Amino acid sequence: MSGPANGPAQMSFTLDLPPGARKDRFLVSPSNREAVQFLDNWGLWPVMAAVLIGPRKSGRTLLARMFAARSGGMIADDAERMNEIDLFHLWNQAQAEGRPLLIVADATPPVWKIELPDLRTRIAATPVVRLDAPDDLLIETLLQHLFDRKELIVAPDLVRWLARRVDRSHLAVLRVVEALEEDAMLRSTRLLTVPAVRTALGRTTLLTDSAA
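Below: a short report on this structure. (Residues numbered from 1 in each chain as written. Predicted model: local features only at pLDDT ≥ 70, side-chain atom pairs only at ≥ 80, totals over all residues. Heavy atoms only, no water.)

1. A closer look at the sheet that holds strand 2 (residues 74-76)
- With parallel pairing, four strands are arranged side by side in an open sheet as 2-3-1-4. If you trace the sheet from one side to the other, it starts and ends with strand 2 and strand 4 (128-130), each paired once. Averaged over neighbouring strand pairs, the angle between their axes works out to 25 degrees when direction is ignored.
- Two elements, strand 1 (residues 49-53) and strand 4, share three bridges in a ladder whose sense is parallel. (Pairing = 2+ DSSP bridges. Helix = DSSP H or I, 4+ residues; strand = E, 2+ residues; numbered from the N terminus. Axes fitted to C-alpha atoms, helices over the stretch in contact; angles between N-to-C directions.)

Below you can see the structure in the form of structure tokens.
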């Protein structure tokens, strides 16, 4: 896995994609490396379950699928929206079979309101790992990765310039790239430069004040 232009290389992530999954990469940086390492060492978990939390668009579902492919485990995605009795039985099944269960959620209790007492007890005993907001290195890498996927050509200094001016969230990065792709289509060019991006995003609220 290569890093962003003019930036340090990212750590390679070796978990395999499950059959039929979209061919994509989970980009690793200091903001999420602890979570990756924790999942890679699932055999050391105190119980055969863990809760993975993180913001949407952070790659948490992709990471969960890669974990399941590597470990042979199970996934409970969007766990807050699952039937609590089903999740309770899935947790018990993981313990009985020695097959790890990764529970993907937006947050942990008490933000995640669990009504079933037995499930609440089990989730309280389950280790939690989180994907934090992206650091500068991950934002640069994610920008370059998305530009490459959309076949947008970027000037050498653009990624670093833009990374310093977007909100520190995965969703903000995605929205910026989508806006620039739309602008490039309107301009009938795949080339992105700092002046062009400044003009395109200056009409939006996608950049921080430091871009002024």
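There is more to say after this.
2. Things to note about the packing of aromatic side chains
- As enumerated under the stated definition, the model contains two aromatic pairs in all.
- Taking the centre distance of 5.4 Å and the plane angle of 15 degrees together, the rings of Phe 38 and Trp 45 count as stacked.
- Residue classification places Phe 38 among the partly exposed positions, given a relative accessible area of 24%.
- The exposure class assigned to Trp 45 is buried, which follows from its relative accessible area of 6%.
- When the centroid spacing of 5.6 Å and the interplanar angle of 20 degrees are considered together, the rings of Trp 45 and Phe 67 count as stacked. One end of the pair, Trp 45, is in the loop between helix 1 (33-40) and strand 1; the other, Phe 67, is in helix 2 (residues 60-71), with 22 residues separating them in the sequence. Taken as a pair, Trp 45 and Phe 67 share a single burial class, namely buried. (Phe/Tyr/Trp six-rings, centres within 6.5 Å; stacked < 30°, edge-to-face > 60°. Buried < 20%, exposed > 50% of the residue type's maximum accessible area, 1.4 Å probe, protein only.)

The analysis is restricted to geometry; functional conclusions fall outside its scope.
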